[in-house]
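Summary of structural features
The primary structure of each chain is shown beneath.
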Amino acid sequence: MANTETALKEILASIEGSTGAALVDYTSGMALGTIGGSKSFDLTVAAAGNTDVVRAKLRTMEHLGLKGEIEDILITLSDQYHMIRLLTGRGGNGLFLYLVLDAKRANLAMARHQLKRIEESLEV
């Protein structure tokens, strides 16, 4: 089982094209941990903003009566991919992993697979 810091370091080390990652509480919008990013890309601001994405999707699913669970949400930009992976393990309720990828270097299928593996080993 990995703690937050270890899991975030593993994300940057093992997922090709990753430039930043965060563990986020979508009930409060607070980042519980971040790694990477840059002066021009504040992961804390991005994490808070993406809580609105998660909340909106959960609300929409509720209004539609959808019973499935969100595995991940992908946002594609011209030069970046943003992946949101909701935690499903014990203690993970209300949390998500947020991953920023360089679109030129990333393999989305592998990134999704690796992020799922890391999420399963994360102990919060």
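1. A closer look at the environment of L64
Structurally, L64 is set in helix α2 (residues 43–64). When the C-alpha positions of L64 and E123 are compared, they lie 32 Å apart, and in sequence the two are 59 residues distant.

2. A closer look at the packing of aromatic side chains
In the structure shown here, the tally under the stated rule is one aromatic pair. A ring pair is formed by Y26 and F96, whose centres lie 6.4 Å apart and whose planes are at 25 degrees; its orientation type is stacked. On the criterion of sequence distance, the pair formed by Y26 in the loop between β1 (18–25) and β2 (30–36) and F96 in strand β5 (residues 95–102) is long-range, its members being 70 residues apart. Take Y26 and F96: they sit in the same class, and that class is buried.

What counts, and where the lines are drawn
- Counting of residues starts from 1 at the beginning of each chain's written sequence and follows it residue by residue.
- Only residues with pLDDT of at least 70 get local features here, since the model is predicted, and only at 80 or more are side-chain atom pairs given and counted; chain-wide, interface and lining totals rely on the full set of residues.
- The basis for every side-chain value is the complete set of non-hydrogen atoms in the structure, without hydrogens or water.
- Only DSSP runs of H or I reaching four residues or more are called helices, and only runs of E reaching two or more are called strands; each is numbered from the N terminus.
- Under the pairing criterion, centres of Phe, Tyr and Trp rings, with the six-membered ring standing for Trp, must be within 6.5 Å; the plane angle then separates stacked pairs below 30 degrees from edge-to-face pairs above 60, leaving the rest tilted.
- Throughout, exposure labels follow a simple rule: accessible area from a 1.4 Å probe, protein chains only, divided by the maximum for the residue type, with under 20% read as buried, over 50% as exposed, and the rest as partly exposed.

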